[in-house]
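Analysis of the macromolecular model
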Amino acid sequence: MTSTVEILRYTAFTHDPEGGNPAGIVLDAAGLSDAEMLAVAAEVGYSETAFVTARDDERRAFRVRYFAPSAEVAFCGHATIATSVVLAERLGTGRLAFDTNAGEIVVDTEIADDALRATLTSVPTRSRPVAEDALEEALAALGWSREELDPAFPPHVAFGGVEHLVLAASSRERLAGLDYDYERLKALMTREGWTTVNLFWRESDERFHARNPFPVGGVVEDPATGAAAAAFGGYLRVLGNGSPEFTVIQGVDMGRPSTLKVSIASPDGRSRVSGGAVALETA
């Protein structure tokens, strides 16, 4: 399948090919069926591949769909950043509009510090406390106890295009020791409609460390999750907790360090998530 489709491979939320979250990008997917896009994503094997199924270069408007190896997802932040950088390289910097299954996503691209950077603005965010039975099952699947959660950050389900369970670790060591029951967590997430579990530890109000299990997409863990960062901005906004601008460090424990810059675009509840992307060498 991949031999008949041009697939670009970029890694997002980094300028180092050894870091970030790799994404596949198909700029001309108009002729692909859903099954074919899913097959391409499975062959590529990254957490997501973005497919541009319709485009208007003059208006800088694009229809984009996202597929993980085992399912379509409504929105993917790192693949949006990667696709935006690719389009800016070809069309020049400026504003792009992506029509996604989650709604319209506006992306601003620019040169900053001699490198291309993209900033997506999410759909309106929301956040709510997680149900007790779902929380108990999630903790059991993760092998975490309630005592290992930070009481300053209550467990929530947050939305920034897709839903994420948000859990705060009480220590960096607890976050680093991720070893979960893949099938049990996948079953729970499928039932609840969660795309990832956003596990985080607060270093300061301006700096958080995160990990994102993604078994529903056929991936153990995401090294950078822009959709979760957008939802996390909404979570902090609901709590009224912390700075309106902050950095999320992700992927360190996987050996693929990633940096996501987030701002809460109050009062409309949208989040802005920024990062770079760089091409990966292919064999």
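For every chain, the first residue of the written sequence is number 1, and numbering continues from 1 onward in sequence order. It should be noted that, the model being predicted, local features are given only for residues of pLDDT at least 70 and side-chain atom pairs only at 80 or more, the latter also being counted only at that level, while totals for whole chains, interfaces and linings use all residues. Values reported for side chains reflect all heavy atoms of the structure, with hydrogen atoms and water molecules removed beforehand.

**Here we look at helix α6 (residues 226-239)**
Formally: Numbering goes from the N terminus for both helices and strands, where a helix is a DSSP run of H or I of at least four residues and a strand is a run of E of at least two. What a helix is expected to span follows from its residue count: subtract one and scale by 1.5 Å. Summary of the burial criterion: residues with accessible area below 20% of their type's maximum are buried, those above 50% are exposed, and those between are partly exposed, where the area comes from a 1.4 Å probe applied to protein chains only.
Given a rise of 1.5 Å per residue, 14 residues ought to cover 20 Å, and the 20 Å separating the end C-alpha atoms of α6 matches this to within 8%. By the burial criterion, the buried members of α6 are Gly226, Ala227, Ala228, Ala229, Ala230, Ala231, Phe232, Gly233, Gly234, Tyr235 and Leu236.

**Points about the layout of surface pockets**
Summary: where empty space remains is shown by rolling a probe the size of a single water molecule over the atoms. Under the convention used in this document: Think of a 1 Å grid over just the protein atoms. A cavity is a set of points where a 1.4 Å probe fits yet cannot get out, a pocket is an open set with protein on both sides within 12 Å along at least five of seven lines, and lining residues have an atom within 4 Å of a point. Grid points are joined across faces, edges and corners, and a volume is the space filled by probe spheres set on the points. Residue polarity is assigned by list, with Asp, Glu, Lys and Arg as charged and Ala, Val, Leu, Ile, Met, Phe, Trp, Tyr, Cys and Pro as nonpolar; anything else, Gly included, falls into the polar class.
Space inside the largest pocket adds up to approximately 210 Å³. What lines the largest pocket is Phe13, Thr14, His15, Ala112, Asp113, Arg117, Thr259, Lys261, Ser274, Gly275 and Gly276. Of the residues belonging to the lining of the largest pocket, the class tally is 2 nonpolar, 6 polar and 3 charged.

**What about the environment of asparagine 212?**
What counts here: Between N or O atoms, a polar contact is any pair within 3.5 Å; within protein, one atom must be a potential hydrogen donor and the other a potential acceptor, and residues adjacent in sequence are included only when both atoms are from side chains.
Secondary-structure assignment places asparagine 212 in strand β13 (residues 207-214). Of the residues examined, asparagine 212 reaches a relative accessible area of 0% and is grouped as buried. Here the side chain of asparagine 212 touches asparagine 198 through a polar contact of 3.0 Å, side chain to side chain.

**Some thoughts on the side chain of threonine 225**
Which entries qualify depends on this criterion: Any pair of residues with heavy atoms lying within 4.5 Å of one another is described as a contacting pair.
Of note, threonine 225 is situated in the loop between β14 (219-222) and α6. Excluding its chain neighbours within four sequence positions, the residues that come into contact with threonine 225 are Thr196, Asn212, Gln250 and Leu260.

**Digging into the pattern of salt bridges**
The cut-off we apply is this: A carboxyl oxygen of Asp or Glu within 4 Å of a side-chain nitrogen of Lys or Arg is what we treat as a salt bridge.
Under the defined criterion, the tally for this structure stands at 19 salt bridges. The partner of glutamate 137 in a salt bridge is arginine 184, and the shortest N-O contact between them spans 2.8 Å. With a gap of 47 residues between them, glutamate 137 in helix α3 (residues 132-142) and arginine 184 in helix α5 (residues 182-192) connect regions that are remote in the sequence. Given a relative accessible area of 35%, arginine 184 falls into the partly exposed group. The closest approach of N and O atoms between arginine 211 and glutamate 221, which form a salt bridge, is 2.8 Å. In this pair, arginine 211 is assigned in strand β13 and glutamate 221 in strand β14, connecting sequence segments 10 residues apart.

**Looking at unusual backbone geometry**
One non-glycine residue with positive phi stands out, namely arginine 60, at about 60°. Assignment of secondary structure puts arginine 60 in the loop between β3 (48-56) and β4 (61-67). In this structure, aspartate 113 is a non-glycine residue whose phi angle is positive, near 55°. Mapped onto the elements, aspartate 113 comes out in the loop between β7 (103-112) and β8 (115-121).

**Focus: the packing of aromatic side chains**
Where two aromatic rings form a pair, the distance of their centres and the angle of their planes describe that pair. Stated formally: Centre distance within 6.5 Å is the pairing criterion for rings of Phe, Tyr and Trp, where only the six-membered ring of Trp is used; planes under 30 degrees apart are then read as stacked, over 60 as edge-to-face, and the remainder as tilted. Two limits define a charge over a ring: the Lys NZ or Arg CZ must be within 6 Å of the ring centre, and within 35 degrees of the ring normal.
Following the criterion strictly, the structure yields 13 aromatic pairs and no others. Their ring planes at 75° and their centres at 5.5 Å tell us that phenylalanine 208 and phenylalanine 246 sit as a pair that is edge-to-face. Placement of phenylalanine 208 in strand β13 and of phenylalanine 246 in strand β15 (residues 245-250) is noted, with a sequence separation of 38 residues between them. Phenylalanine 208 gets classed as buried once you look at its relative accessible area, which sits at 1%. In this structure phenylalanine 246 comes out as buried when scored by relative accessible area, which is 3%. Between the aromatic rings of phenylalanine 232 and tyrosine 235, the centroid separation amounts to 5.8 Å while the plane-to-plane angle is 20°, which identifies the pairing as stacked. In this pair, phenylalanine 232 and tyrosine 235 are both assigned in helix α6, 3 residues apart and thus about one turn of the helix distant. Chaining the aromatic ring pairs together yields one cluster made of Phe153, Phe200, Phe208, Phe232, Tyr235 and Phe246. Above the plane of the ring of phenylalanine 159 lies arginine 126, whose end atom (NZ or CZ) is 3.9 Å from the centre.

**Brief notes about the packing of α3 against α5**
Test applied: Geometry is summarised by axes, namely lines fitted to C-alpha atoms with helices restricted to the contacting stretch, and by angles between N-to-C directions that run from 0 to 180 degrees. We call two directions roughly parallel when the angle between them is under 35 degrees, roughly antiparallel when it is over 145, roughly perpendicular when it lies between 65 and 115, and oblique otherwise. Each crossing is labelled by how the near helix is turned from the far one, with a counterclockwise turn of less than a right angle marking it left-handed and a clockwise turn marking it right-handed.
Their axes nearest at 9 Å, the elements α3 and α5 cross at an angle of 155°. It follows that α3 is roughly antiparallel to α5 by the angle criterion. As α3 runs across α5, the sense of the crossing is left-handed. Facing α3, whose interface residues are Ala134, Glu137, Ala138, Ala140, Ala141 and Leu142, α5 presents Arg184, Leu185, Leu188, Arg191 and Glu192. Across the contact of α3 with α5, the residue classes break down as 7 nonpolar, no polar and 4 charged.

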